[in-house]
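The residues making up each chain are set out below.
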Amino acid sequence: MSDSLPTPPAMIPCEEIAAHPDFRPLLSIEGIDIDLRYATPDNFVSRNVYGGLDCAWLRHEAAAALQRAAHWLGRQRPGYRIRVLDALRPQRVQEQLWQELSGTPLTLYLAEPQRGSIHSWGMALDVSLLDPQGLEVDMGSGFDEMSLISHTDHEAEHLAQGLLSPAQLIERGWLRAAMRQAGFQTISTEWWHFDFGDRLHVRRDLPRVL
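Rules of the game
- Residues numbered from 1 in each chain as written.
- Predicted model: local features only at pLDDT ≥ 70, side-chain atom pairs only at ≥ 80, totals over all residues.
- Heavy atoms only, no water.
- Helix = DSSP H or I, 4+ residues; strand = E, 2+ residues; numbered from the N terminus.
- Buried < 20%, exposed > 50% of the residue type's maximum accessible area, 1.4 Å probe, protein only.
- Contact = heavy atoms within 4.5 Å.
- Areas by Shrake-Rupley, 256 points an atom, 1.4 Å probe, with all protein chains shown as cover.
- Lys, Arg positive; Asp, Glu negative; His and termini not counted.
- Charge placed at Lys NZ, Arg CZ, Asp CG, Glu CD.
- Phe/Tyr/Trp six-rings, centres within 6.5 Å; stacked < 30°, edge-to-face > 60°.
- Lys NZ or Arg CZ within 6 Å of the ring centre and 35° of its normal.
- Pairing = 2+ DSSP bridges.
- Core = buried A, V, L, I, M, F, W, Y, C linked by side-chain atoms within 4.5 Å.
- Arc of directions from axis to C-beta.
- Axes fitted to C-alpha atoms, helices over the stretch in contact; angles between N-to-C directions.

Next up on the list: the overall build of the chain. Broken down by element type, the chain carries 5 helices and 7 strands. Principal axes of the C-alpha set define a box for the chain whose edges measure 60 × 40 × 40 Å. Relative to its 210 residues, the chain shows a buried fraction of 50%. Restricting the contact set of the chain to residue pairs at least 6 apart, pairs at least 24 apart contribute 73%. Here the chain has roughly 9900 Å² of accessible surface; of this, 54% comes from carbon and sulfur atoms. Side chains of the chain give 19 positive and 28 negative charges; the mean places of these two sets differ by 4 Å.

Laid out in structure tokens, this is it:
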């Protein structure tokens, strides 16, 4: 029996995702809105970092979970929808974003490229909510607002200080409820970020998108 470590799965170029059987387009998921901010200048680096890459994809298991979350929200809160702000984020883009923040404390908000963001496996989402009028709800901080006001583990403190309102926390609660009941996991630093599946398993056993 060999004592060698298993070979990690090969990376998949983003350009090949549309033909890959393990990935599903966001456009095939009912009841969601898609506004990929890194494909626009409306993000913390103020430019389109995806260029011509099509990043509106998830692995099938994460896409199925997002479908469940959208259906649950639609039943529990008619007229509200999940807005997808980021989904598949290729490794090359993660490296670009890391370079933008390298040497600053803001790297807290990004996975170091060698370890990898779960986004680069198509198993993470950045999301918010739209109200029945099609407006993004007020979560108390904006997407990619890299400050303590975005941290989920400081919400009680921020409520007590008047930095977050009860209405804003209710909206965050609805988003978390929809995503968690579908199997997604939260992180402590970003109210908008959700991972699907066991992170160790994802990084070890699934192919990363380049």
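On we go from here.
This brings us to the packing of aromatic side chains. In total, this model carries 7 aromatic pairs according to the counting rule given. Its end group placed over the ring of Phe23, Arg59 keeps NZ or CZ at 5.8 Å from the ring centre. The ring of Tyr80 carries Arg77 above its face, with NZ or CZ at 3.7 Å from the centroid.

Next up on the list: the pairing of strand S4 (residues 81-86). The side chains of a regular strand alternate, first on one face of the sheet and then on the other. Burial analysis of S4 places 5 of its 6 residues in the buried class, the great majority of the element. Here 3 bridges tie strand S2 (residues 32-34) to S4, and the two strands are oriented parallel to one another. Note that in S4 the partner of Asp33 across the bridge is Arg83. As paired strands, S4 and strand S5 (residues 124-130) are joined by 5 bridges and run antiparallel to one another. Of the residues in S5, the one forming a bridge with Arg81 is Leu130.

Turning to the nonpolar core, a few remarks are in order. Within soluble globular proteins, side chains that are nonpolar tend to cluster in buried spots. Counting 60 residues, the largest nonpolar core has Leu26, Leu66, Ile82, Val84, Leu125, Met179 and Phe184 as its most contacted members. Only strand S3 (57-59), helix H1 (60-76), S4, helix H2 (91-101), S5, helix H4 (166-181) and strand S7 (193-196) provide two or more residues apiece to this core. Looking at this core element by element, the count peaks at 8 residues for H1. With residues near it in sequence (within four places) discarded, Phe184 still touches Ala62, Ala65, Leu66, Leu125, Met179, Phe194, Asp195 and Phe196.

What follows covers H2. Turning to H2, its buried residues are Gln91, Val93, Gln94, Leu97, Trp98 and Leu101. One face of H2 carries all of its buried residues, which in axial projection span an arc of 155°. Once H2 ends, the next one or two residues include Gly103, with phi positive near 85°.

Our focus in this paragraph is the sheet that holds S2. A sheet is described by the order of its strands in space; here 5 strands give the open sequence S2-S4-S5-S7-S6, paired in mixed fashion. Of all the strands in the sheet, the pair left with one neighbour each is S2 and strand S6 (184-186). Adjacent strand axes in the sheet meet at a mean angle of 40°, parallel and antiparallel pairs treated alike. Two elements, S6 and S7, share 3 bridges in a ladder whose sense is antiparallel. Among the inter-strand pairings, Gln185 is bridged to a residue of S7, identified as Asp195. Along the sheet, H1 contacts S2, S4, S5, S6 and S7; its crossing angle with S4, the most-contacted strand, is approximately 145°. Contacting S4, S5, S6 and S7, H4 crosses the sheet at an angle of about 135° to S5.

Quick look at unusual backbone geometry now. For residues other than glycine, phi is negative in most cases, and the peptide bonds are mostly trans. One non-glycine residue, Ser46, lies in the positive phi region at around 60°. Along the chain, Ser46 turns up in the loop between S2 and S3. If you check the backbone angles, Asp144 has positive phi at about 65° while not being a glycine. Tracing the sequence through the fold places Asp144 in the loop between S5 and helix H3 (155-160). Residue Asp144 is classed as buried on the basis of its relative accessible area of 10%.

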